[in-house]
Amino acid sequence: MVKLSSKTSYYLLLLTAFVLLLPMLFLVLWSFSDRWMYPSLFPEKVALKSLNQMRLDPSFFPAVLNSFFIAIATTFISLLIAMPAAKYFSLQKLLAPRWIEVMIYLPLILPAIAIVTSTQTLFLQVHLTGTFFGIILIHTYFCLPYAMQILLESYRQLGEGYQLTAESLGAKPWTIFWSITWPLMRPGLTTAASLVFIVSFSQYLPTFFIGGGKIITLPLLLLPYANNGRFGLASMYSVVFLLCTMLGVFILKKAIGGVTYGTER
Amino acid sequence: MGLSVKNIQLSYGKKEIIRDVSFEVKAGEIVALFGPSGSGKTSLLKMIAGIQPVSKEKITFTEDFTQEKTLLVFQDFWLFPHMTVVENISFGLKVRKFAKDKIAEKVEKIIEVFDLTGLEKQYPDQLSGGQKQRVALARAVVLEPKLLLLDEPFANLDQQLKITMREYLRRLQETYQFSIILVTHDRDEAFQLADRMVILLKGEIHQIDEPKEIYYHPAGRLVAEAIGETNLVRGVVQKDIFRAENVELRVHNPRNIQGESLLFIPIGIETSIQNSGVLAFVKRSEWTPNGQQVLLEIGNTECTLTNLSEKVKVGEEVYLTFSETLTVMRP
């Protein structure tokens with residue numbers, strides 16, 4: 001491999017960052033433009049039209065709150081299921097890791113539309129359509145693979161040694177969990193929680209089908225605008241969407257505790 | 001008596017790891033569990049420590065020995081990385097619900113004993129190998145164990161540190177008077193530290209004895225080979241007389257072997273050169289820091305000896321007399 005000088009690699013990094021952030025710049029430009037037609041390079045007129053229209057939409061604030069509520073609840077439930085499951089799978093010797101992998105990814109391998117429509121039929125029978133609980137359940141189904149994969153890897157890295165040592169020193173399971181496993185798992189948990197939150201926040205199809213139009217989330221508002229070529233409004237929603245996910249991830253990081261000393265391995 | 005282990009068995013699936021293992025540990029005794037990697041030693045320790053399931057009646061604690069007073073220190077130390085040295089050491093005291101001032105007092109004392117002064121606020125990744133080892137030991141010893149289980153305690157340390165730590169452990173044991181079960185595959189470690197050695201090979205105990213006894217009179221060829229000994233002279237035994245070419249010798253024959261057998265000559269056995277005895281032909285002579293190392297042909301077999309009473313020259317024929325009665329074993 002060619003070794004780059006520190007200066008070259010710095011500029012390369014800068015270029016990468018620029019390329020990555022470029023689409024965001026367009027989002028912002030679109031959000032605040034009134035007219036932007038070919039061949040002009042930049043918006044011809046800057047305005048707050050999109051912002052106002054979004055703000056005045058009566059379903060906008062409820063959608064933001066719904067999205068937050070559903071994503072946070074999904075994150076909580078996913079971690080609650082994934083933690084013990086990942087612990088079990090990381091220690092068991094019965095199944096080969098390859099099979100576990102397939103099992104974990106099954107919800108992502110199976111066609112989503114088939115799952116969603118059949119779930120809708122089932123949920124209709126048990127009166128779960130149009131409820132938050134129904135939406136949270138289906139979101140959890142699609143988010144679990146992400147949580148499982150990350151936590152499984154964290155548990156594998158953590159190994160049994162610390163727990164066994166704590167046990168040998170006389171600690172009971174509950175103490176072992178709170179003073180050893182939890183703090184050492186924090187980095188993995190934060191990553192898993194953030195990813196689940198983002199994935200749940202951006203779900204469209206399951207929310208649409210199971211919510212039945214009764215529960216509106218941000219993606220449900222955003223998508224029609226993007227499809228109909230109303231780029232200004234779609235961009236405005238996208239910017240809000242981005243900010244919301246960033247806020248959510250930030251909150252989760254603070255709540256779980258981020259990196260404490262020595263847990264970075 | 002303090003601990004008794006009876007008829008322990010362990011299998012993973014169809015693979016049998018430990019087959020019928022029994023031994024005892026007395027108060028204040030250091031017992032080395034010696035055997036190659038994969039012979040189930042660590043599993044055995046985990047069972048005794050109570051962190052691996054075992055049917056109850058098979059491990060018995062007597063006198064003031066209890067499971068709670070039995071502590072395991074792993075090979076990899078497993079210091080909690082998010083806790084300081086003090087927090088690591090006080091962990092066991094905290095879960096045992098000692099009062100805060102009592103914990104502080106005990107920890108302060110143990111920090112001094114273990115030479116950890118000044119490192120109280122350090123985290124494990126700021127410590128050297130020897131310091132980590134001492135913290136791991138301190139974390140167990142502070143709980144005043146009756147029985148300390150050490151799993152390859154010095155395997156992760158360099159040679160110099162190993163020797164220092166062995167000495168350290170011995171002094172510690174003399175001060176606190178706990179028993180130790182030491183799992184090791186390092187024979188020098190076992191010979192140096194152990195009062196008794198338990199030779200565990202392929203899930204079975206082959207011999208339990210004092211290190212010296214095991215060295216001079218191993219129970220069989222497998223034991224001899226496990227402790228790194230290679231001088232085995234082929235011949236024929238009748239009652240307590242062993243015969244091979246140019247060799248006729250009174251021997252130990254504890255198993256009453258008749259006919260084909262192997263004569264075991266420990267590499268380090270004290271050997272004097274006299275006018276009569278076992279005839280040997282000097283093939284090679286090398287200098288080592290531990291003295292002269294000589295390759296001799298005894299009864300058609302090449303043997304290495306390091307503890308000869310006088311210097312011999314290559315090409316010479318000499319007569320050897322051994323300080324201990326040698327043992328014969330099955331081929």
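Residues numbered from 1 in each chain as written. Chains lettered and ligands numbered in written order. Predicted model: local features only at pLDDT ≥ 70, side-chain atom pairs only at ≥ 80, totals over all residues.

Right, let's talk about the overall build of chain A for a bit. Counting its regular elements, chain A contains eleven helices and two strands. Its C-alpha atoms put chain A at 70 × 65 × 30 Å along the principal axes. Expressed as a percentage of contacts within chain A between residues at least 6 apart in sequence, the contacts between residues at least 24 apart total 77%. (Helix = DSSP H or I, 4+ residues; strand = E, 2+ residues; numbered from the N terminus. Contact = placed C-beta atoms within 7 Å.)

Our focus in this paragraph is the sheet that holds strand S19 (residues 327–329) of chain B. Residues and elements named next belong to chain B. Across the sheet, which stays open at both edges, the five strands sit in the order S12-S11-S10-S13-S19 with antiparallel pairing between neighbours. Whereas interior strands pair on both sides, the edge strands pair on one side only; in this sheet they are strand S12 (247–250) and S19. Averaged over all pairs of adjacent strands, the angle between their axes in this sheet comes to 40°, without regard to strand direction. For strand S13 (residues 259–264) and S19, the ladder comprises three bridges, and the chain directions are antiparallel. Counted as the bridge partner of leucine 263 is valine 328 from S19. (Pairing = 2+ DSSP bridges. Axes fitted to C-alpha atoms, helices over the stretch in contact; angles between N-to-C directions.)

With 19 residues of chain B in contact, the opposing surface of chain A contributes 17 residues. For the side of chain B that touches chain A, the element with the most residues is helix H2 (residues 85–95) of chain B, which contributes three residues. Residue composition of the side of chain B that touches chain A, grouped by class: twelve nonpolar, two polar and five charged. (Nonpolar A, V, L, I, M, F, W, Y, C, P; charged D, E, K, R; others polar.)

Strand pairing in a sheet relies on backbone hydrogen bonds, with the paired strands running either antiparallel or parallel. Residues and elements named next belong to chain B. Strands sit in the order S14-S18-S15-S16-S17 across an open sheet of five strands; the sheet is antiparallel. One side of each edge strand has no neighbouring strand; the edge strands of this open sheet are strand S14 (271–274) and strand S17 (301–305). Within this sheet the neighbouring strands show an average axis-to-axis angle of 45°, counted without direction.

As a further point, take the nonpolar core. If you look at the biggest cluster of nonpolar residues, it comprises 135 residues, and the most contacted ones within it are Ala147 of chain A together with Ala32, Leu149 and Leu182 of chain B. At 13 residues, helix H6 (residues 132–158) of chain A tops the list of elements feeding residues into this core. Looking at which domains feed residues into this core, each of domain 1 (3–214) and domain 2 (230–329) of chain B supplies at least three. Beyond its immediate stretch of four places on either side in the chain, leucine 182 of chain B contacts Ile30, Val31, Ala32, Leu33, Leu150, Leu193 and Ala194 of chain B. Grouped together as the second largest cluster of nonpolar side chains are ten residues, Ala63, Leu222, Leu233 and Met236 of chain A included. (Core = buried A, V, L, I, M, F, W, Y, C linked by C-beta atoms within 7 Å. Buried ≥ 20, exposed ≤ 12 C-beta atoms within 10 Å, placed from the backbone. Domains from an automatic or database assignment.)

With that out of the way, let us pick up the packing of helix H3 (residues 60–91) of chain A against helix H10 (residues 218–227) of chain A. Residue and element names in this part refer to chain A. For the pair H3 and H10, the least separation of the axes is 7 Å and the interaxial angle reads 125°. When the interaxial angle is binned, H3 and H10 end up oblique. On the side of H3, the interface is formed by Phe60, Ala63, Val64 and Ser67, while H10 contributes Leu218, Leu220 and Leu221. The residue makeup of the contact of H3 with H10, split by class, is six nonpolar, one polar and no charged. (Parallel < 35°, antiparallel > 145°, perpendicular 65-115°, else oblique.)

Right, let's talk about the pairing of S17 of chain B for a bit. Walk down a regular strand and you will see the side chains alternate between the two sheet faces. All names here are of chain B. Both strand S16 (residues 291–298) and S17 contribute to a ladder of five bridges, which runs antiparallel. The partner of glutamate 297 across the bridge, within S17, is glutamate 302. Hairpin connection between S16 and S17: a loop of two residues separates the two successive antiparallel strands, and glycine 299 in this loop has a positive phi of roughly 50°.

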